[in-house]
Amino acid sequence: MAFNSNGKPSKPIAKFESMLKTDDVYFFDAEDFEDIIHHYLNNGKISLAKKAIRIGLQQHPDAIELRLLDVEVLVFENNLDVAERILDDLQLLDSGNEEIYIQRANIYSKKDNHEAAVLLLHQALEMAEESFDIYSLLGMEYLFMDDFQQAKINFMKCVAFDEEDYSSLYNVIYCFEFLEDYEGAIQYLNNFLERNPYCQVAWHQLGKQYFTMGMYPEALTAFDFAVISDDTFIGAYFEKGKVQEKLGKFEEAIESYETTIAIDDPTSHAYLRIGKCHEKLGNEDMAKYYYYKTVHEDPLLDKGWLAITQYYYRHADYEKALYYINKAINIDEENPLYWKKCAKIHAALGNLDEADFSFKQTVDLGNYELETWMLWSRVVRNNQEPEAAVQILKQGLEFFPEATELEYMLAGALLLSDQPAKARKRFIKSIRHDISKLAFFKAEYPEIYHSDWAQNIITDIKKASE
């Protein structure tokens, strides 16, 4: 054992560290060296582990376990050729040692040859008395190969061996989620909880699966059991708050988020959710207060700046909204939703060139929503660029060929750009496709709608359909 019952370093470790401070050389059993090396490796003290290996091999040059620990460090440091040569020597001495196969598997894994690593790990399984660690390694190799079904099976074996192996439990659920088998995850967790009814980790994961499935009452119950099992489980309180929001229980959600702050240091995410809840409750001043606390806590949380932006946008304070959306864009300039919000603000301020640029950024970054094409075309049209509006609307129709609104808008843009024949063709097509949307055209182009050009076309089509 690396530590004694009082949590202090065990005698071999204390003796070894004392030796390092002096010129004395103490003798240790090979097993003591193994404990010392494992202690340093487990605590990330690689240089001390290497010193222990060097001294250990000087005192016990034939100790296979110490040489295997040397290999483990060599593999960790990517000295793969040296590690393989040592393994070749060791295999001649002890061909039935599963650790040799495990380390060879680690080398193949480092070389991205995961199929070979899996074969070696299966060979190690045939020799091993305890296979728990090998199943965990197999699970990771299958994850590297994107074989989530086999990875899940191996991590399940780890959990069956040790039901407190939460790392493997998380990996099992990760595999279920990647396979989009949420019902399977729910069934697995419920079975696990029948055996471990006070496992807060399992309750938390079960709640997340129910949340994904939209089963909010069930999710709330699961998170309640998680906090009953551990009343300091911050993650469960936070997830519980999210469920309460979905159920419209905003005051209760605020309590859940405030509990996370009471248990530990406040987080920007908790402040943001509290602000959102106050916004839903109509407490505008409180919402603003918490949004500002959000960005004070974490100035790099772009969602906090967006929340403040939306607050001022709702209140038609577009200058302040513009100031804060630029804060969000400076943090994440690849986010198309931020550019779209920026474009809307510029449009509201009458900054049409800036709005045009922001909409272009929005589309270039992958936002192809119907509303985006409509708003963008309006901006360039209002900027006296009907030809640009035509091109934008044609692009939009490539994504939404059945969107009559775009057809009506295109008809008007074509007419404004002195293409009456094409405009007439589009207008007739739009009316025949959905005459009920004429009201939309009227609102979009009132002067064109009331013109003789439009009224004559509408009259002719109505007569033809009688």
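Residues numbered from 1 in each chain as written. Predicted model: local features only at pLDDT ≥ 70, side-chain atom pairs only at ≥ 80, totals over all residues. Heavy atoms only, no water.

Participant: Help me understand the overall build of the chain, please; the structure alone is not making it clear to me.
Facilitator: Looking only at helices and strands, one finds 28 helices and zero strands in the chain. Relative to the 2.2 N^0.38 estimate, which gives 23 Å for 466 residues, the radius of gyration of the chain is 33 Å and therefore markedly larger than a compact globule would have. Seen through its C-alpha atoms, the chain measures out along the principal axes to roughly 105 × 50 × 50 Å. The buried share among the 466 residues of the chain stands at 45%. Computed over 47 positive and 80 negative side-chain charges, the separation of the two mean positions in the chain equals 9 Å. (Helix = DSSP H or I, 4+ residues; strand = E, 2+ residues; numbered from the N terminus. Rg over C-alpha atoms; globule rule 2.2 N^0.38 Å. Buried < 20%, exposed > 50% of the residue type's maximum accessible area, 1.4 Å probe, protein only. Lys, Arg positive; Asp, Glu negative; His and termini not counted. Charge placed at Lys NZ, Arg CZ, Asp CG, Glu CD.)

Participant: Explanation requested: the environment of I234 in the structure shown.
Facilitator: Relative to the assigned elements, I234 resides in helix α14 (residues 234-246). We classify I234 as partly exposed; its relative accessible area is 28%. As for I234 and D88, which are separated by 146 residues in sequence, their C-alpha atoms are 50 Å apart. With residues up to four places along the chain from it excluded, the contact list for I234 reads T260, I263 and D264. (Contact = heavy atoms within 4.5 Å.)

Participant: Is there a simple way to think about helix α22 (residues 370-382) in this case?
Facilitator: For the α-helix, the turn length of 3.6 residues means that residues three or four positions removed from each other point alike. The terminal C-alpha atoms of α22, which comprises 13 residues, lie 19 Å apart, in line with the 18 Å expected from a rise of 1.5 Å per residue. Of all the residues in α22, the buried ones are T372, W373, M374, L375, W376, S377, V379, V380 and R381. Structurally, α22 contributes buried residues whose contacts are with α20 (336-349), α21 (352-364), α23 (386-399), α24 (404-416) and α26 (438-444). One or two steps after α22, the chain reaches Q384, where phi turns positive at roughly 65°. (Expected span 1.5 Å × (residues − 1).)

Participant: Can you help me understand the nonpolar core in this one?
Facilitator: As a rule of thumb, nonpolar side chains are buried together in soluble globular proteins. Ranked by internal contacts, the top residues of the largest apolar core, which has 48 residues, are I134, L138, L169, V172, Y188, A202 and L206. Discounting chain neighbours no more than four positions away, the residues touching V172 are K152, F155, M156, V159 and Y188. Of all hydrophobic cores here, the second largest spans 38 residues; its members include A355, I392, F427 and F441. (Core = buried A, V, L, I, M, F, W, Y, C linked by side-chain atoms within 4.5 Å.)

Participant: Just to check I follow, could you spell out the pattern of salt bridges for this structure?
Facilitator: A side chain with one charge can pair with a side chain of the opposite charge if their charged atoms come near. Enumeration over the complete set of coordinates arrives at 16 salt bridges. A salt bridge links R378 to E444; its shortest N-O distance comes to 2.7 Å. In this pair, R378 sits in helix α22 while E444 sits in helix α26, placing the two residues 66 residues apart along the sequence. Assessed through its relative accessible area of 11%, E444 is described here as buried. With its nearest N and O atoms 3.3 Å apart, the salt bridge here joins E405 to K437. (Salt bridge = Lys/Arg side-chain N within 4 Å of Asp/Glu carboxyl O.)

Participant: Help me understand the packing of aromatic side chains, please; the structure alone is not making it clear to me.
Facilitator: In this description, a pair of aromatic rings is defined by centroid distance and the angle of the planes. For the structure on display, the rule yields 25 aromatic pairs. Judged by centre distance (5.8 Å) and plane angle (45°), the ring pair of Y408 and F441 falls under tilted. Separated by 33 residues along the polypeptide, Y408 in helix α24 and F441 in helix α26 bring together distant segments of the chain. Like F441, Y408 is buried. Grouping aromatic residues by their ring pairs yields a cluster made of Y292, W305, Y311, Y312, Y323 and Y324. In this structure, K242 packs its charged tip against the face of F211, placed 5.5 Å from the ring centre. (Phe/Tyr/Trp six-rings, centres within 6.5 Å; stacked < 30°, edge-to-face > 60°. Lys NZ or Arg CZ within 6 Å of the ring centre and 35° of its normal.)

Participant: What should I look at first to understand the environment of H346 in this one?
Facilitator: Along the polypeptide, H346 turns up in helix α20. H346 sits in the buried class, given a relative accessible area of 10%. Separated by 156 residues in the primary sequence, H346 and N190 have C-alpha atoms spaced 52 Å apart.

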